[in-house]
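Coordinate inspection notes
Given next are the chains, with one letter for each unit.
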Amino acid sequence: MLFSLMGAAIDSFLLYLLLHNQLEFKKKFKNPRLIGYLSFFILIARFLINWNVKESVMDYVSKILSIFLIFILILFLYSNSIKKKVISFLIFYTIIILSEVIIVCALLLLSYGMPFQQVMQNTAIAQICTIFSKIFAFGIINEFNLRSKNLDMPYHKELSFIMFCNVTLFFMILFLFRSDFTYMQNNSNPLIVLSFGLLFISIVATMLIIKISQRSKQEMDYQLRVQQLEMQTNMNQDMARLVYKLRSFRHDMNNHFSLMVGLLKENEYEQLEHYLSGIIEETSDVNNYIFLENKALTVVINNKLAKAAMHNVEFKPIIEVQTLPMNDLDICTLLSNILDNAIEAASQVADNAYLTLKLSKKGSYYFIQCVNSFKTMPIEKNGRFQTTKDNQNIHGLGIENIKNIVNEYDGELNIYYDDQFHIQVYLPDTSPQKEEL
């Protein structure tokens, strides 16, 4: 009976683990673990029915009824479409069946030459196979969740090592069974306890690794938010400096015009020419300013033009649109990260350091393309670009910030490099379309 209780608990946990990552739990029910608790009670009720009514027909009826009730719970507790609920439900039972088939096939292979019916009637072997099928199901579900949600799991090697240990121990037990069948019949309890212990350790170790990974992701999200706030502060400061500089320029121009009129009246043409040359040189910075409809875009572009000049990087902006389909903070964060990374990489090039930024619109998509020269080949690991700076907790967040913003706006991000480094961003136009008359 204890074995059946533990089996029901494990199945309920596996069901919760899959659905929690694949479906959206209705908030009015508050506790996402409710599906695990209720499915556990359903499986226990099925076990009690089979315990009291020992008929094969009732076994099949109770099994079908329990599966049906669990399916009804999924329909009732989750807010996704019926299609997605059905698919998740079928995936769960497919994984459970597949895990059992894998274990049975392994048992068939190792028990070759022995009566299979006699092998399966051995309670110890049957229970050990059940335990390891749950371990396999747990590993498959965990891997499926990671792949389907495209999550970055830094401890994937550790999880694979745990699964390898499980598989190794399972085959060791089966080899022991094949070499000494009588021993397995008379000394089954220690092996069952060992198998359960391995299952428990595997689940706890895996959950601990997942928790550590989640905490690491939370820390990165916090760093990203801090970076966004810093960029917003810098954007406001840059805007204030720009406004002050333009006001000062307007005030000074009034004085300049007065003096030039006076020189013109006195026929001091040579002095006037010299004075005009000084004004042109003084106002060259203002003349290079790019003024766009979006203030945040204006500030970012001009700020990075000045930064690129300080690092001897030729920055060529090609601006075909006056705004982007994002709020000002996200415009600042996205372009600042793209351009800061590009300027930093290009500044390491001794000769011909350059950077090109193109903002355009293609059909119903806004297009951002940044191309820059670089000296050191980028370091890419598991689809992520690695920083070469000492403090990796602070640095190396630029690409992640870019990805987060692009995903938030349902856009597409392409990053590749040959003799140049390329970043391409496609953002859907979310503005209401005007009807043509």
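Presented here is a report on the structure given in the accompanying data block. Note that the structure is predicted; figures quoted are calculated from it, not measured.

Of note, Lys295 is situated in helix 12 (residues 295-310). Judged by relative accessible area, Lys295 falls into the exposed class, the value being 60%. Along the chain, Lys295 and Thr323 lie 28 residues apart, while their C-alpha atoms are 8.8 Å from each other.

Attention now moves to helix 2 (residues 34-52). Here helix 2 contains 19 residues, and its C-alpha end-to-end distance of 27 Å stays within 8% of the 27 Å for a straight helix at 1.5 Å per residue. Taken together, the buried positions of helix 2 are occupied by Ile35, Gly36, Ser39, Ile42, Leu43, Ile44, Phe47 and Asn50.

We now examine the pairing of strand 1 (residues 314-319). Of the pairings in the sheet, the one linking strand 1 to strand 2 (residues 354-362) comprises 6 bridges and is parallel in character. Within the sheet, the bridge partner assigned to Ile318 lies in strand 2 and is Lys358. With respect to chirality, the unit in which strand 1 leads through helix 13 (residues 328-346) into the neighbouring parallel strand 2 is left-handed.

The geometry of helix 12 relative to helix 13 is characterised by a closest axis approach of 9 Å and an angle of 15° between their N-to-C directions. In terms of their interaxial angle, helix 12 and helix 13 are classed as roughly parallel. Considering only the axes of helix 12 and helix 13, their crossing is right-handed. Between helix 12, through Ala296, Leu297, Val300, Lys304, Lys307 and Ala308, and helix 13, the contact on the second element is made entirely by Asp328, Ile331, Cys332, Leu335, Ser336, Leu339, Asp340 and Ile343. Counted by class, the contact of helix 12 with helix 13 contains 9 nonpolar, 1 polar and 4 charged residues.

Right, let's get into the side chain of Ser39. Secondary-structure assignment places Ser39 in helix 2. A distance of 3.3 Å separates polar atoms of two side chains, one belonging to Ser39 and the other to Ser12. Sequence-distant contacts of Ser39, that is, excluding residues within four places in its chain, are made with Ser12, Leu15, Ile70 and Leu73.

Okay, the nonpolar core next. The biggest cluster of nonpolar side chains holds 38 residues, and the ones touching the most others in it are Leu324, Leu334 and Ile368. Residue assignment for this core shows that the elements contributing at least two residues are helix 12, helix 13, strand 2, strand 3 (365-372), helix 14 (398-408) and strand 7 (421-428). By residue number, the principal contributor to this core is helix 13, which donates 9 residues. Counting 27 residues, the second-largest nonpolar core is a separate cluster that includes Tyr16, Leu73, Phe92 and Ile141.

This brings us to a negative patch on the surface. Together, Glu266, Glu268, Glu270 and Glu273 make up a negatively charged patch on the protein surface. Within the fold, Glu270 resides in helix 10 (residues 269-282). In this structure Glu270 comes out as exposed when scored by relative accessible area, which is 69%.

What follows is about the pattern of salt bridges. Scanning all chains against the criterion turns up 4 salt bridges. Between Asp340 and Lys304 there is a salt bridge, and its shortest N-O distance comes to 2.9 Å. Here Asp340, found in helix 13, pairs with Lys304, found in helix 12; they are 36 residues apart in sequence, far enough to count as distant. For Asp429, the salt bridge identified is with Lys361, shortest N-O distance 2.7 Å.

Pairing in this open sheet of 5 strands is mixed, and the strands run 1-2-3-7-6 from one edge to the other. Bordering the open sheet on either side are strand 1 and strand 6 (412-417), each of which pairs with just one other strand. Averaged over all pairs of adjacent strands, the angle between their axes in this sheet comes to 10°, without regard to strand direction. Pairing geometry for strand 6 and strand 7, over 6 bridges, is antiparallel. Along strand 7, the bridge assignment pairs Ile415 with Ile423. The sheet contacts of helix 13 involve strand 1, strand 2, strand 3 and strand 7, and relative to strand 3 the element is tilted by about 20°.

Parameters and conventions
Residues numbered from 1 in each chain as written. Predicted model: local features only at pLDDT ≥ 70, side-chain atom pairs only at ≥ 80, totals over all residues. Heavy atoms only, no water. Helix = DSSP H or I, 4+ residues; strand = E, 2+ residues; numbered from the N terminus. Buried < 20%, exposed > 50% of the residue type's maximum accessible area, 1.4 Å probe, protein only. Expected span 1.5 Å × (residues − 1). Pairing = 2+ DSSP bridges. Right-handed = clockwise from strand over helix to strand, strands pointing away. Axes fitted to C-alpha atoms, helices over the stretch in contact; angles between N-to-C directions. Parallel < 35°, antiparallel > 145°, perpendicular 65-115°, else oblique. Left-handed = near helix turned anticlockwise from the far one by under 90°. Contact = heavy atoms within 4.5 Å. Nonpolar A, V, L, I, M, F, W, Y, C, P; charged D, E, K, R; others polar. Polar contact = N/O pair within 3.5 Å; in protein donor to acceptor, adjacent residues only side chain to side chain. Core = buried A, V, L, I, M, F, W, Y, C linked by side-chain atoms within 4.5 Å. Patch = residues over 30% accessible without salt bridge, like charges linked within 9 Å, V, L, I, M, F, W, Y side chains within 5 Å. Areas by Shrake-Rupley, 256 points an atom, 1.4 Å probe, with all protein chains shown as cover. Salt bridge = Lys/Arg side-chain N within 4 Å of Asp/Glu carboxyl O. Lys, Arg positive; Asp, Glu negative; His and termini not counted. Charge placed at Lys NZ, Arg CZ, Asp CG, Glu CD.

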